[in-house]
Amino acid sequence: EVLEASKVRLSTLFDPKKFPSKDQLEAKYGIYLYRNSVNAANDVRIDGLGDAIVADIRRDVASQYNDQICMAVESIIARLREVATDIVDRTSKPAEGLKFSTLLAKINKTCDSLDGLNIIGDRRIDALVEKMRATTKNDAEVLRMNNTVREDMKHQAQDILGALDTFEG
């Protein structure tokens, strides 16, 4: 847009060689952030820009950081809620025809993946994941054969859902 406006403004005096290319501008003035990591705004080091611009960039980075943290926590809570709801649903039904081995595998797989997603090291999340993992203390055959064990598992999952309902990240 600036280049096109210069053509009009300068008319016959316009010389495209005197204008840097888009790549040259980006190389000289571009700011690149590696967005696959979570960095605090104070981790951003910027040289050669005014204090006001650096402050604006740090505010943007801080906002992005907070957004990433919120999305990560919301994702963890959603996964825990989904699995806990599945536990309550399956343990509320008669055991005939239900595959508890599939449910136990889903719980373990979810807990294993959530261990690595708690990027802020929130102990409350760790505690909820451990409560979820504790629901797998019995094997599939015991769950299929024992109503009391299924009820206990259902109550554990309901407690997790209650904790998730009051969770504030």
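Conventions adopted
Residues numbered from 1 in each chain as written. Predicted model: local features only at pLDDT ≥ 70, side-chain atom pairs only at ≥ 80, totals over all residues. Heavy atoms only, no water. Helix = DSSP H or I, 4+ residues; strand = E, 2+ residues; numbered from the N terminus. Core = buried A, V, L, I, M, F, W, Y, C linked by side-chain atoms within 4.5 Å. Buried < 20%, exposed > 50% of the residue type's maximum accessible area, 1.4 Å probe, protein only. Contact = heavy atoms within 4.5 Å. Expected span 1.5 Å × (residues − 1). Arc of directions from axis to C-beta. Phe/Tyr/Trp six-rings, centres within 6.5 Å; stacked < 30°, edge-to-face > 60°. Salt bridge = Lys/Arg side-chain N within 4 Å of Asp/Glu carboxyl O. Axes fitted to C-alpha atoms, helices over the stretch in contact; angles between N-to-C directions. Parallel < 35°, antiparallel > 145°, perpendicular 65-115°, else oblique. Left-handed = near helix turned anticlockwise from the far one by under 90°. Lys, Arg positive; Asp, Glu negative; His and termini not counted. Polar contact = N/O pair within 3.5 Å; in protein donor to acceptor, adjacent residues only side chain to side chain. Nonpolar A, V, L, I, M, F, W, Y, C, P; charged D, E, K, R; others polar.

Trainee: Outline unusual backbone geometry, listing residues and values.
Mentor: With a phi angle near 50°, Ser 11 is a residue other than glycine that sits in the positive phi range. When you line up the elements, Ser 11 lands in the loop between helix H1 (2–10) and helix H2 (22–29).

Trainee: Residue-level account of the nonpolar core, with values.
Mentor: In globular proteins that are soluble, nonpolar side chains generally tend to be buried together. Leu 80, Ile 87, Phe 100, Ile 107, Met 132, Met 153 and Leu 164 are the most contacted members of the largest nonpolar core, which totals 30 residues. Here the element with the most residues in this core is helix H3 (residues 51–92); it accounts for 9 residues. Excluding its chain neighbours within four sequence positions, the residues that come into contact with Met 132 are Leu 80, Val 83, Ala 84, Ile 87, Ile 107, Cys 111 and Ile 160.

Trainee: Describe helix H4 (residues 100–117), naming the residues involved and giving the relevant values.
Mentor: The terminal C-alpha atoms of H4 lie 26 Å apart, and with 18 residues this matches the ideal 26 Å at 1.5 Å per residue to within 8%. When we look at burial in H4, the residues that qualify are Phe 100, Leu 103, Leu 104, Ile 107, Thr 110, Cys 111 and Leu 114. Projected down its long axis, H4 shows its buried positions confined to an angular sector of 130°, all on one face. Of the exposed residues in H4, the ones pointing more than 90 degrees away from its buried face are Lys 109, Asp 112 and Gly 116. In this structure, the buried residues of H4 make contact with H3, helix H5 (123–134), helix H6 (140–145) and helix H7 (147–165).

Trainee: Just give me the short version of the packing of aromatic side chains, but keep the residues and values in it.
Mentor: Using the criterion set out here, one finds 1 aromatic pair in the structure. Judged by centre distance (5.3 Å) and plane angle (25°), the ring pair of Phe 14 and Phe 19 falls under stacked.

Trainee: Which residues make up the pattern of salt bridges, and what values go with them?
Mentor: Enumeration according to the criterion identifies 13 salt bridges in this entry. A salt bridge links Glu 82 to Lys 106; the nearest nitrogen and oxygen atoms lie 3.7 Å apart. Taken together, the residues Glu 82 in helix H3 and Lys 106 in helix H4 connect sequence positions 24 residues apart. Here Glu 82 falls in the partly exposed class, since its relative accessible area comes to 48%. Owing to a relative accessible area of 27%, Lys 106 belongs among the partly exposed residues under this scheme.

Trainee: Before we move on, can you summarise the packing of H3 against H7 with the specific residues and values?
Mentor: Packing of H3 against H7 leaves a shortest axis separation of 9 Å and a crossing angle of 150°. For the element pair H3 / H7, the angle class is roughly antiparallel. You can see that H3 and H7 cross each other, and the crossing is left-handed. Counting all contacts with H3, which are made through Ile 77, Leu 80, Arg 81, Ala 84, Thr 85, Ile 87, Val 88, Thr 91 and Ser 92, the residues of H7 involved are Arg 150, Met 153, Lys 154, Ala 157, Gln 158, Ile 160, Leu 161, Leu 164 and Asp 165.

Trainee: Got a sec to walk through the side chain of Arg 150? Specific residues and values, please.
Mentor: Mapped onto the secondary structure, Arg 150 falls in helix H7. The side chain of Arg 150 sits in the buried core without any salt bridge; Glu 96 is the nearest counter-charge, 6.5 Å away. Within the structure, Arg 150 has its side chain in polar contact with the backbone oxygen of Leu 143 (distance 2.6 Å). For Arg 150, the residues in contact, after removing those within four places along its chain, are Thr 91, Lys 93, Ala 95, Phe 100, Leu 143, Arg 144 and Met 145.

Trainee: Explain the packing of H3 against H5 to me, and be specific about the residues and the numbers.
Mentor: Pairs of packed helices are described in terms of their axes, by the angle between the two and the distance that separates them. Closest axis-to-axis distance for the H3/H5 pair is 11 Å, and the angle between their directions is 20°. In terms of their interaxial angle, H3 and H5 are classed as roughly parallel. The crossing of H3 and H5 is left-handed. Taken together, the residues of H5 that come into contact with H3 (itself represented by Val 73, Ile 76, Leu 80, Val 83, Ala 84 and Ile 87) are Ile 125, Leu 128, Val 129 and Met 132. Of the residues that constitute the contact of H3 with H5, the class distribution is 10 nonpolar, no polar and no charged.

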